[in-house]
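Fold and contact review
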Amino acid sequence: MDLLLTEDWDLMADVNGNIAVCVEPYSIAQQVANEIKLFEGEGWYDQSQGTPYFAQILGVNSNLGLIRNLLLARVNRVDQVMHSDIDMYVDNQRVLHGNIFITSTSGETINVVY
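Chains are numbered independently. Their residues run from 1 in the order of the written sequence. A pLDDT threshold of at least 70 governs which residues receive local features in this predicted model, and a stricter bar of 80 or more applies before side-chain atom pairs are shown or counted, although totals over entire chains, interfaces and linings include all residues. Processing note: side-chain calculations cover all non-hydrogen atoms of the structure and skip hydrogens and water entirely.

It is worth spelling out the pairing of strand β4 (residues 96-104) at this point. Pairing between strands requires that DSSP locate at least two bridges from one strand to the other. In this text, helices come from DSSP runs of H or I with a minimum length of four residues, and strands from runs of E with a minimum of two, each type numbered from the N-terminal end. Taken together, the 9 bridges between strand β3 (residues 81-90) and β4 define a ladder with antiparallel strand orientation. Bridge pairing in β4 places D85 opposite F101. Here β3 folds back onto β4, and the loop between the two strands holds 5 residues, one of which, R94, carries a positive phi near 65 degrees. As defined by bridge partners, β4 adjoins strand β5 (residues 109-113) across 5 bridges and the pair is classed as antiparallel. Looking across to β5, one finds that I102 is bridged to I110. Here β4 folds back onto β5, and the loop between the two strands holds 4 residues, one of which, G107, carries a positive phi near 90 degrees.

Turning our attention to the pattern of salt bridges. Every case where a carboxyl oxygen of Asp or Glu lies within 4 Å of a side-chain nitrogen of Lys or Arg is listed as a salt bridge. Applying the stated criterion to the full structure yields 2 salt bridges. The salt bridge involving R68 is made with D85; its shortest N-O contact spans 2.3 Å. Here R68 is found in helix α3 (residues 64-76), whereas its partner D85 is found in strand β3, with 17 residues between them in sequence. Relative accessible area serves as the criterion here: at 33%, D85 is assigned to the partly exposed category. Think of it in three bands: residues with accessible area under 20% of the maximum for their type are buried, residues over 50% are exposed, and the middle band is partly exposed, with areas taken using a 1.4 Å probe on protein chains only.

For the rest of this paragraph, the subject is the packing of aromatic side chains. Two rings from Phe, Tyr or Trp (for Trp, the six-membered ring) form a pair when their centres are within 6.5 Å of each other. A pair whose planes differ by under 30 degrees is stacked, one over 60 is edge-to-face, and the rest are tilted. Enumeration according to the criterion identifies 2 aromatic pairs in this entry. Summarising the aromatic geometry, the rings of F39 and F54 are spaced 5.0 Å apart at their centres and angled 45 degrees between planes, so their arrangement reads as tilted. Of this pair, F39 sits in the loop between α1 (26-37) and α2 (53-57) while F54 sits in helix α2, placing them 15 residues apart in sequence. Residue F54 is classed as exposed on the basis of its relative accessible area of 61%. Among the aromatic residues, those joined into a ring-pair cluster are F39, Y53 and F54.

The next thing to look at is the sheet that holds β5. Strand pairing in a sheet relies on backbone hydrogen bonds, with the paired strands running either antiparallel or parallel. Pairing in this open sheet of 3 strands is antiparallel, and the strands run β3-β4-β5 from one edge to the other. The sheet is open, and its two borders are formed by β3 and β5, each paired with just one other strand. Sheet twist, expressed as the average angle between the axes of neighbouring strands with direction ignored, equals 15 degrees. Running over the sheet, α1 touches β3, β4 and β5 and is turned about 40 degrees from β5. Lines fitted to C-alpha atoms define the axes here, with helix axes fitted over just the stretch in contact, and angles between the N-to-C directions of these axes take values from 0 to 180 degrees. Throughout, a residue-residue contact means that at least one pair of heavy atoms, one from each residue, lies within 4.5 Å.

Right under this line is the structure:
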């Protein structure tokens, strides 16, 4: 069980005013999104979490294949992810967009848009 976060990554309250929680499959999608958004080394309790943006992506001449492989490696580290694939593209403003397709260990298919 995970805390339910808003689009702005803030806590949400449930109907009783308590901190809201989420369950699968949403919790898996939220964990995957967190792993991709988090910069490696910035995790409070586990600094190995996150994507190595500074070390291998930003400020270096990286390619989409490398970025794809780094993101897939991070996604596949999330508990309850059995398999993942990514469809991604760069728009005219050089912003990376895409979809992550996840198969959970329970066999459920989850799509995370980034």
